[in-house]
Amino acid sequence: MENVSHEKIIEALKKIPFLGDFTDEELSLLLKITQWLRFQPGDIIIKEGASEKNFSIILKGNVSIRKRTGVGAYKKTICNLSMGQSFGEMSFVTGKPRSADIIAEEETYVLRFNSEDIQKEHGNPRYAPLLLKFYKKFSEILAGRLEDADKRLVNPFM
């Protein structure tokens, strides 16, 4: 990854809805427990079946989610995600293997949150307000995905 100044990273983070309520100081603390990663088109960001406890927010770029649809090697694109959207929440919470591949469709930057790194800061008073905001936003994402799934169950032709 190329070197990017701390100020540019903070400015980029402020544009992401998930992080919009965080102060500059909180974002600086957050950067200490996250990874800023860059991927090229075609790079596999997450491999279906991998065991890892992290989730990512797309800072720039576009990814596709591809899932095995049967016994063969064919993987179907089930959706595309772009700036501000996230992926990997279920494994972050449960630690279960990844259920799909995530592939960079163009140059893509992500902010990766590792569950273990976040857990280490739970007792740290400097991180308390940050983690409260983090888990609130994280819960909103999961609730939104559950609501979308409920709607698809009621009307599968959406």
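See the structure above.
Predicted model, so just to flag it, every value in this text is computed and none were measured.

Attention shifts here to the environment of S99. Following the sequence through the fold, S99 ends up in the loop between helix 3 (89–94) and strand 7 (101–104). The spatial distance from the C-alpha of S99 to the C-alpha of L111 is 20 Å, given a sequence separation of 12 residues. The residues touching S99, leaving out its near neighbours within four places in the chain, are E48 and K67.

Taken across its seven residues, strand 3 (residues 54–60) has six buried, putting it largely inside the fold. Sheet topology places strand 3 next to strand 8 (residues 108–114); six bridges connect them, and they run antiparallel. Pairing of F55 across the sheet is with F113, part of strand 8.

Following the criterion strictly, the structure yields 14 salt bridges and no others. For R38, the salt bridge is made with E107, and the minimal N-O distance between the two is 3.0 Å. Here the residue R38 occupies a position in strand 1 (residues 34–39), and E107 occupies one in the loop between strand 7 and strand 8, the gap between them amounting to 69 residues. When its relative accessible area of 31% is taken as the criterion, R38 is described as partly exposed.

Quick notes on the rules
Residues numbered from 1 in each chain as written. Predicted model: local features only at pLDDT ≥ 70, side-chain atom pairs only at ≥ 80, totals over all residues. Heavy atoms only, no water. Helix = DSSP H or I, 4+ residues; strand = E, 2+ residues; numbered from the N terminus. Contact = heavy atoms within 4.5 Å. Buried < 20%, exposed > 50% of the residue type's maximum accessible area, 1.4 Å probe, protein only. Pairing = 2+ DSSP bridges. Salt bridge = Lys/Arg side-chain N within 4 Å of Asp/Glu carboxyl O.

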